[in-house]
Amino acid sequence: MGKAVSAIMFCSFCGRESRQVKKLISGHGVYICSDCVAKCAAIIEDRRDRDSPPLRDRKDYSEDELLDEIPRVAATTANVEADLRARVDELRQRGVAWSRIAVALGITRQSAWERFTRE
């Protein structure tokens with residue numbers, strides 16, 4: 001898996017820092033905390049999680065709340081990008097052509113080369 005870009009990792013679902021949760025599980029560039037896993041299990045089992053407030057629509061957030069989310073979203077984006085780059089690097093080390101990588105990404109060969117070639 002690719003290296004995390006941010007030293008501080010956030011749950012990609014609730015936005016809490018790794019220091020604020022019991023456990024943080026990593027995926028491909030994303031993370032989920034043990035609390036969010038429990039909420040997911042409750043949803044799958046069709047149980048109501050009485051301790052959590054319902055999700056709010058983003059239009060109901062204040063500007064400060066939206067601004068507070070920006071660093072967490074940026075960290076998640078950076079981690080996903082690092083993981084993607086690691087995958088492309090591995091494919092290139094295996095001799096996979098830029099054209100095949102481009103098809104997988106849904107972009108042109110030239111765009112793939114420009115985005116992932118390190119100077």
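Residues numbered from 1 in each chain as written. Predicted model: local features only at pLDDT ≥ 70, side-chain atom pairs only at ≥ 80, totals over all residues. Heavy atoms only, no water.

## Focus on helix 2 (residues 63–93)
- The first and last C-alpha atoms of helix 2 sit 45 Å apart over 31 residues, in line with the 45 Å expected at 1.5 Å per residue.
- A bend of about 25° at Ile70 is the largest found in helix 2, and the proline Pro71 appears one to four places after it.
- Turning to helix 2, its buried residues number three or more, namely Glu69, Ala75, Thr76, Asn79, Ala82, Asp83 and Val88.
- Tucked inside the fold, the buried residues of helix 2 contact strand 2 (31–33), helix 3 (98–105) and helix 4 (109–116).
- Where helix 2 terminates, the next one or two residues include Gly95, which has phi positive at roughly 85°. (Helix = DSSP H or I, 4+ residues; strand = E, 2+ residues; numbered from the N terminus. Expected span 1.5 Å × (residues − 1). Bend = angle between axes of the 7 residues up to and from the residue. Buried < 20%, exposed > 50% of the residue type's maximum accessible area, 1.4 Å probe, protein only. Contact = heavy atoms within 4.5 Å.)

## What to know about the environment of Ser99
- Here Ser99 is to be found in helix 3.
- Between the C-alpha atom of Ser99 and that of Gln110, which follows or precedes it by 11 residues, the distance is 8.4 Å.

## Observations concerning the nonpolar core
- Of all hydrophobic cores here, the largest spans 7 residues; its members are Val88, Val96, Trp98, Ile101, Ala102, Ala112 and Phe116.
- Of all the elements in the fold, those that place two or more residues in this core are helix 3 and helix 4.
- Sort the elements by how many residues they give to this core and helix 3 lands first, with 3 residues.
- Setting aside its immediate chain neighbours within four residues, Ala112 contacts Trp98, Ala102 and Ile107.
- Core analysis: the second largest hydrophobic core is formed by 5 residues, Cys11, Val21, Ile32 and Cys36 among them. (Core = buried A, V, L, I, M, F, W, Y, C linked by side-chain atoms within 4.5 Å.)

## Here we look at the confidence of the model for the chain
- Here the chain averages 85 in pLDDT, while 87% of its residues score no lower than 70.
- Across the chain, the secondary-structure element scoring lowest on mean pLDDT is helix 1 (residues 34–44), at 88, and the one scoring highest is helix 3, at 97.
- Per-residue pLDDT stays below 50 along residues 1–5; that stretch engages in 14 contacts with residues further than four places along the chain or on separate chains. (pLDDT = per-residue confidence, 0-100.)

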